[in-house]
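Remarks on the overall topology
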Amino acid sequence: MSTSTTLLLARHGQTIWHAENRYAGVSDIGLTDEGRAQAEALGRWAAVHRPDAIWTSPLSRAIATADPACRALGITPHREPGLRECDFGVVEGRTLAEFAAEVPEAAEAFRADPVTYPFPGAEDPLEAAARGAGALRGIAAAHPGERVLVVAHNTLLRLVLCTLLSIPLRGYRRVFPRLRNAAITELRLGEDGFAALLSLNVPCEQDRS
């Protein structure tokens, strides 16, 4: 029997700030109507694909996104503090364009190398990547041979994917420009720590229009 764990990674649904391309980070911002619809789509996907467990970030937007899936499966989600989004410091609630208009040199440095030059007051991306990767390894260890839905955040998940797939961390914004809201990224994680990316940004539902 395989002891590798399949992690089904999903970014939370849309929030007001994300609709405006604002950094939410550790700010606890709720879902929009569109975000709630995305959460319901994830719930329908879970009802068909039936993951064995669900884990979420402790932030309400992730919890709300996972809720329809939990109801569909009749299971209680696990909360993992290590899955919280990065703290973006002075840019919380702002867009990169707004920050660039105020401090163009710092914004340009961030665009060139967001790991070496994070936003002022932000969490160290190296530390965020380590805690996120540690959280996923812990989840995998708790569910050997199972399939687990993990609802978390755009930047954290991109940092973690780079870490687990041995991709240079400074390139996370280029290699993974964006994880779509409530789309599925499938990652296989073995007990030896080896990770394999099986799919990226797969919509829960096809466009029915």
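Everything that follows concerns the structure shown earlier in this document.
What counts, and at which threshold
Residues numbered from 1 in each chain as written. Predicted model: local features only at pLDDT ≥ 70, side-chain atom pairs only at ≥ 80, totals over all residues. Heavy atoms only, no water. Phe/Tyr/Trp six-rings, centres within 6.5 Å; stacked < 30°, edge-to-face > 60°. Helix = DSSP H or I, 4+ residues; strand = E, 2+ residues; numbered from the N terminus. Buried < 20%, exposed > 50% of the residue type's maximum accessible area, 1.4 Å probe, protein only. Axes fitted to C-alpha atoms, helices over the stretch in contact; angles between N-to-C directions. Parallel < 35°, antiparallel > 145°, perpendicular 65-115°, else oblique. Contact = heavy atoms within 4.5 Å. Nonpolar A, V, L, I, M, F, W, Y, C, P; charged D, E, K, R; others polar. Pairing = 2+ DSSP bridges.

Some details on the packing of aromatic side chains
In this structure the tally under the stated criterion is 4 aromatic pairs. Judged by centre distance (5.2 Å) and plane angle (75°), the ring pair of Y23 and F119 falls under edge-to-face. Of this pair, Y23 sits in the loop between α1 (16-19) and α2 (33-49) while F119 is found in the loop between α5 (104-112) and α6 (125-142), placing the two residues 96 residues apart along the sequence. Accessibility assignment for this pair places Y23 and F119 in one class, buried. Their ring planes at 80° and their centres at 5.3 Å tell us that F99 and F119 sit as a pair that is edge-to-face. Of the two residues, F99 sits in helix α4 (residues 96-102) while F119 sits in the loop between α5 and α6, which places them 20 residues apart along the sequence. Here F99 falls in the buried class, since its relative accessible area comes to 2%. The buried category is assigned to F119, whose relative accessible area is 4%. Put simply, the rings of Y23, F88, F99, F110 and F119 pair up and form one aromatic cluster.

Details of the packing of α6 against helix α7 (residues 154-164)
Between two packed helices, both the angle of their axes relative to each other and the distance between the axes serve to describe the pair. Put simply, α6 and α7 touch, their axes get as near as 8 Å, and they point 75° apart. The orientation of α6 relative to α7 falls into the category roughly perpendicular. Facing α6, whose interface residues are P125, A128, A129, R131, G132, A133, L136 and R137, α7 presents L156, L159, V160, T163 and L164. Residue composition of the contact of α6 with α7, by class: 9 nonpolar, 2 polar and 2 charged.

Observations regarding the side chain of S4
Mapped onto the secondary structure, S4 falls in the segment before β1 (5-11). For S4, a relative accessible area of 19% puts it in the buried group. With residues up to four places along the chain from it excluded, the contact list for S4 reads P144, G145, E146, R188, L189 and G190.

Some words on the sheet that holds strand β3 (residues 78-79)
On the basis of which strands lie adjacent, the open sheet formed by 6 strands has the order β3-β2-β4-β1-β5-β6 and mixed pairing. A strand with exactly one partner marks an edge of an open sheet, and here the two such strands are β3 and β6 (195-202). Two elements, strand β2 (residues 53-56) and β3, share 2 bridges in a ladder whose sense is parallel. Its bridge partner being in β3, T56 is matched across the sheet by R79. Contacting β1, β4 (147-152) and β5 (184-189), α2 crosses the sheet at an angle of about 170° to β4. Taken strand by strand, α6 contacts β1, β2, β4 and β5, and its axis lies near 135° from that of β1.

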